[in-house]
Amino acid sequence: MQPNYSSNYTPNSAPVPEGTIIVERGVSAQEFGPKLNRTAADVIRFLMQNGEMVTATMTLSDEQMELFALEVGADLLLVEPGQQEEMELQALFDDSDDDDETLQESRPPVITVMGHVDHGKTTLLDRIRNANVVAGEAGGITQHIGAYQVDVRGRKITFLDTPGHAAFTKMRARGAQVTDIVILMVAADDGVMPQTIEAINHAKAAEVPIVVALNKVDKENADPQRVLSQLAEHELVPESWGGDTIVVEMAAQQGLGIDEILDQLLLVAELEELTANPTGRAKGVVLEANLDVGRGPVATVLVDKGELNVGDPIVAGAAWGRVRAMINDKGEQVKTAGPSTPVQVLGLQSVPNAGDEFRSAADEKTARTVGEAREQRQRLKAQRGDARVQKGVKLEDIFSQIQAGEVATLNLVLKADVQGSLEAVTEALRRLERDEVKLAFVHRGVGGITENDISLAATTNATLIGFNVRPDRKARDMADAEGVEIRTYEIIYKLLEDIERAMVGMLAPEFEEVVTGEAEVREIFRVPRIGAIAGCYVRSGTITRGSKVRFLRDGAIIWKGAIQSLKRFKEDAREVREGFECGIGLTDFQDLRQGDLIETFEEREIARV
């Protein structure tokens, strides 16, 4: 119930400060009053006269502060803790030259190689790197820093060899658009594999050009035309087929096609018109960082624009310091680093996170103040339990956005047990689209829900839908930490019904499945007149006799039922806890294999808010 505010408060007559007054949320009356040229007693008296009992040290609500500001005629802006310093101090970083075309110069492209395991990524990178080692250089490249530059006919190309799919996505989740071009490695004998599809979708989500390296064309069972057809199915139509995707046939192990792919990268970079201002204060991104016993915090950074110099004060996320030394990819100490140049930086007082933005500051005091403000803000957020800011449209929010007259886009990561199910669910969902609601499939794949799926969903604000598949324990934990919504279904009409109801604001109460235990099948015993018994190890939770159970193989649900018998050392047991072994007999199911998972669960109804 809203209090009945009266206006019989007589404030003191001192004028309030002009302009917008920035105040952090969560302050007390004794902190709030002076910002409006008033005392804590003025604030307390006004609130008490309007039915609000407060003391000088109590935290004020947003409404209390706004009403007092309205009473005294102050223009108030409430911000999160630490945000005021961020707003004020970010203004000290001079970005005024960003749009001045006269200061822009061509910069080297930044390349990331992605693809399925064993398709030749490491071989390609090693070939490129070794081809650029100066003859006679002792030990070749002496220091690995996760990124390096090569010279190709007088022009430089920067390669990143740290980001796998997960790291690539985490950087994007932090707002770091590091990569200019992605090389997609596809083996001509294997073709497009699950990780290849993931790589394609990650690159598309980043909206960067893709150059396909069709590797292992020298193998006897290589079938390049089949691979081109598979790529076309994923909207990567080769130039030879009339599309715009560059495909380079190569055999990286033999060094064939290396020069051609480098030429193509330079061509794409030229078409992308990659430029940056090489002067002024440096700005860039942290690729990786660690605490070195002898050297302290060490960060590998990639300069995006400007010039980073030894001696520059910098701030990287919540870390700050002065550049004490810089080391390039050859292990040499350098004094300066320009756009698209990777270097190791020494001199920070703490270890930043991969994906954090770094900037050089006007002075060390500025860098320190910004870093400490960010650190304080992160600490306060962590204490309040909202370190991850939720964003994007969740399934429950679609209707409210439609009512507001906006076009809602629901991003989906869709996983299914088999390809046929995947296609059927995809087509059925597409038929639900309407003018005010669009569906965007960030990634579609076959198999269990993995941490990589969670990472991609978190970055793209997607709802993750599983059809006849389940997340493993690590994926569930990661989804909870990242705030990713996972919905699993085993009946297609229920899946479609949920999406359709969300579009008209009629989501029915749902049943939450709480996983109570997880056991891994390690041995199979055959018992006469009973059948197969699973010798299991309980990996988490508690396995209880009579529990509802889901039988998983490679993340896909292959059977559902109940636990018929549960034994511990040949004795019947009511329950078996995590860390112990047991024998499990299932109702009407005998197809047991080592490595299968038995997942017990309970269903609990949750009413929609």
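A quick note: this is a predicted structure, and the numbers were derived from the prediction, not measured.

Colleague: Could you give an account of the overall build of the chain, naming the residues involved and the relevant values?
Modeller: Helix and strand content of the chain: 15 helices and 31 strands. Counting every position in the chain, which comprises 609 residues, the buried fraction comes to 47%. Counting contacts in the chain only where the partners sit at least 6 residues apart, residues at least 24 apart contribute 72% of the total.

Colleague: So what about the packing of helix α13 (residues 451–459) against helix α14 (residues 473–482)? Which residues, and what values?
Modeller: A pair of packed helices can be characterised by two numbers: the angle between their axes and the separation between those axes. Relative to each other, α13 and α14 sit at 15°, their axes nearing to 8 Å. It follows from the interaxial angle that α13 and α14 lie roughly parallel. Taken as a pair, α13 and α14 cross one another with a handedness that is right-handed. On α14, the residues that touch Glu 451, Ile 454, Ser 455 and Ala 458 of α13 are Lys 474, Ala 475, Met 478, Ala 479 and Glu 482. Class assignment of the residues belonging to the contact of α13 with α14 gives a composition of five nonpolar, one polar and three charged.

Colleague: Tell me what's going on with the sheet that holds strand β8 (residues 210–215), and back it up with residues and numbers.
Modeller: Picture the strands of a sheet paired through backbone hydrogen bonds; they go either parallel or antiparallel. The strand order β5-β6-β4-β7-β8-β9 describes an open sheet built from six strands, whose pairing is mixed. Two strands lie at the open edges of the sheet, namely β5 (147–152) and β9 (246–249), each paired on one side alone. Averaged over all adjacent pairs, the angle separating strand axes in this sheet is 30°, with direction ignored. Strand contacts of helix α9 (residues 258–272): β4 (110–115), β5, β6 (155–160), β7 (181–187), β8 and β9, with the helix running at about 100° to β6, the strand carrying the most contacts.

Colleague: Just give me the short version of α14, but keep the residues and values in it.
Modeller: Listed in full, the buried residues belonging to α14 are Ala 475, Arg 476, Met 478 and Ala 479. An end-on view of α14 places all buried positions within 165° of arc, on one side of the element. Opposite its buried face, α14 presents the exposed residues Lys 474, Asp 480 and Ala 481, each directed more than 90 degrees away. Capping the start of α14, Asp 472 holds a side-chain oxygen 3.3 Å from the backbone nitrogen of Lys 474, two or three residues further along. Gly 483, located one to two residues past α14, shows a positive phi value of around 70°.

Colleague: Hey, could you go over the environment of Phe 441 for me, with residue numbers and the actual values?
Modeller: Structurally, Phe 441 can be placed in strand β21 (residues 437–446). Sequence separation between Phe 441 and Leu 414 is 27 residues; the distance between their C-alpha atoms is 7.2 Å. When residues no more than four places from it in sequence are discounted, the contact partners of Phe 441 are Leu 412, Leu 414, Thr 426, Leu 429 and Arg 430.

Colleague: So, the environment of Arg 545: which residues are in play, and what are the values?
Modeller: Locating Arg 545 in the fold gives a position in the loop between β25 (531–544) and β26 (548–553). Residues in contact with Arg 545, not counting those within four places in the same chain, are Ile 563, Gln 564, Leu 566, Asp 572, Ala 573 and Arg 574.

Colleague: Explain the side chain of Thr 600 to me, and be specific about the residues and the numbers.
Modeller: In this structure, Thr 600 sits in strand β31 (residues 597–606). Engagement of the side chain of Thr 600 in a polar contact is seen with the side chain of Thr 516, the distance being 2.8 Å.

Colleague: Tell me about a nonpolar patch on the surface, and name the residues and values.
Modeller: The grouping of Ile 491, Ile 492 and Tyr 493 at the surface amounts to a nonpolar patch, some 270 Å² of accessible area in total. When you line up the elements, Ile 492 lands in helix α15 (residues 492–503).

Colleague: Go over the confidence of the model for the chain, please, and point to the residues and values.
Modeller: Low pLDDT marks regions whose predicted coordinates should not be analysed in detail. Averaged over all residues, the pLDDT of the chain equals 81, while 82% of them reach at least 70. Here helix α11 (residues 398–403) stands out as the least confident element of the chain, with mean pLDDT 54; strand β13 (residues 308–309) is the most confident, with 96. Scored below 50 in pLDDT, residues 133–144 makes 14 contacts in the model with residues more than four places away or belonging to other chains. Residue range residues 383–392 is modelled with pLDDT below 50. Its contacts to residues more than four positions away, or to other chains, number 15 contacts.

Colleague: Describe the packing of aromatic side chains, and please don't skip the residues or the numbers.
Modeller: Remark: the centre distance and the inter-plane angle together describe each pair of aromatic rings, the angle taken between the planes. Applying the stated rule across the entire model yields five aromatic pairs. Between Phe 46 and Phe 68, the ring centres sit 5.6 Å apart and the planes meet at 65°, which makes this aromatic pair edge-to-face. Of this pair, Phe 46 sits in helix α2 (residues 40–49) while Phe 68 sits in helix α3 (residues 62–72), and the two are 22 residues apart along the sequence. Per residue, the accessibility class of Phe 46 equals that of Phe 68, and both read buried. Look at Tyr 148 and Phe 159: their rings are 5.8 Å apart centre to centre, the planes differ by 25°, and that puts the pair in the stacked class. Of this pair, Tyr 148 sits in strand β5 while Phe 159 sits in strand β6, placing them eleven residues apart in sequence. A connected cluster of aromatic rings, assembled from ring pairs, spans Phe 32, Phe 46 and Phe 68. The ring of Phe 601 has Arg 550 lying over it, and the distance from NZ or CZ to the ring centre is 4.0 Å.

Colleague: Go over the nonpolar core with me, naming the residues and quoting the values.
Modeller: Membership of the largest hydrophobic core comes to 27 residues, with the highest contact counts inside it found for Leu 124, Ile 157, Phe 159, Ile 183, Leu 262 and Leu 265. Of all the elements in the fold, those that place two or more residues in this core are β4, α5 (121–131), β5, β6, β7, β8, β9 and α9. Ranked by residues supplied to this core, first place goes to α9 with seven residues. Leaving out residues up to four positions away in the same chain, Phe 159 has contacts with Ile 111, Leu 125, Ile 128, Ala 147, Tyr 148, Val 150, Ile 183, Leu 262 and Leu 265. Counting 21 residues, the second-largest nonpolar core is a separate cluster that includes Leu 36, Leu 47, Ala 69 and Ala 74.

Colleague: Outline the pattern of salt bridges, listing residues and values.
Modeller: Applying the stated criterion across every chain, the model contains 27 salt bridges. Note that Arg 25 and Asp 62 form a salt bridge whose closest N and O atoms lie 2.8 Å from each other. Of the two residues, Arg 25 sits in the loop between β1 (20–24) and α1 (29–35) while Asp 62 sits in helix α3, which places them 37 residues apart along the sequence. By relative accessible area, which is 27% here, Asp 62 ends up partly exposed. Glu 364 serves as the salt-bridge partner of Arg 322, at 3.1 Å between the closest nitrogen and oxygen. Separated by 42 residues along the polypeptide, Arg 322 in strand β15 (residues 319–327) and Glu 364 in helix α10 (residues 364–384) bring together distant segments of the chain.

Reading the values: the criteria
- Counting of residues starts from 1 at the beginning of each chain's written sequence and follows it residue by residue.
- Whole-chain, interface and lining totals are the exception, using all residues; otherwise, since this is a predicted model, local features are given only for residues with pLDDT of at least 70 and side-chain atom pairs are given and counted only at 80 or more.
- Values shown for side chains rest on all heavy atoms present in the structure; no hydrogens or waters enter the calculation.
- Each helix is a run of H or I in the DSSP string that is no shorter than four residues. Each strand is a run of E no shorter than two, and both are numbered from the N terminus.
- Accessibility here uses a 1.4 Å probe with only protein chains present; expressed as a share of the type maximum, an area under 20% marks a residue as buried, one over 50% as exposed, and anything in between as partly exposed.
- Any two residues whose heavy atoms approach within 4.5 Å are treated as being in contact.
- Axis angles are defined between N-to-C directions and span 0 to 180 degrees, where every axis is a line fitted to C-alpha atoms and, for a helix, only to the segment in contact.
- Should an angle lie under 35 degrees it is considered roughly parallel, over 145 roughly antiparallel, and from 65 to 115 roughly perpendicular; all remaining angles are considered oblique.
- The crossing is said to be left-handed when, going from far helix to near helix, the turn is anticlockwise and less than a right angle, and right-handed when the turn is clockwise.
- Only Asp, Glu, Lys and Arg are considered charged, only Ala, Val, Leu, Ile, Met, Phe, Trp, Tyr, Cys and Pro nonpolar, and every remaining residue, Gly among them, polar.
- Paired strands, as defined in this entry, are two strands with at least two bridges between them according to DSSP.
- Here, the arc refers to the directions that run from the helix axis to the C-beta atoms.
- Under the rule applied, a polar contact is a pair of N or O atoms within 3.5 Å (in protein, one hydrogen donor and one hydrogen acceptor; residues adjacent in sequence only if both atoms are side-chain atoms).
- Surface patches are defined over residues having more than 30% relative accessible area and no salt bridge, joining like charges when they lie within 9 Å and nonpolar side chains (Val, Leu, Ile, Met, Phe, Trp, Tyr) when within 5 Å.
- Exposure was quantified through the Shrake-Rupley algorithm and a 1.4 Å probe, taking into account, for residues, occlusion by the shown protein chains and nothing else.
- A side-chain nitrogen of Lys or Arg and a carboxyl oxygen of Asp or Glu constitute a salt bridge if their distance falls within 4 Å.
- What pLDDT conveys is the predictor's confidence in a given residue, as a value from 0 to 100.
- Within 6.5 Å between ring centres, the rings of Phe, Tyr and Trp (the latter by its six-membered ring) count as paired, and their orientation is classed by plane angle as stacked under 30 degrees, edge-to-face over 60, tilted in between.
- Two thresholds decide whether a charge sits over a ring: the Lys NZ or Arg CZ must be within 6 Å of the ring centre and within 35 degrees of the ring normal.
- Buried residues of nine kinds, namely Ala, Val, Leu, Ile, Met, Phe, Trp, Tyr and Cys, make up a nonpolar core once their side-chain atoms join them within 4.5 Å.

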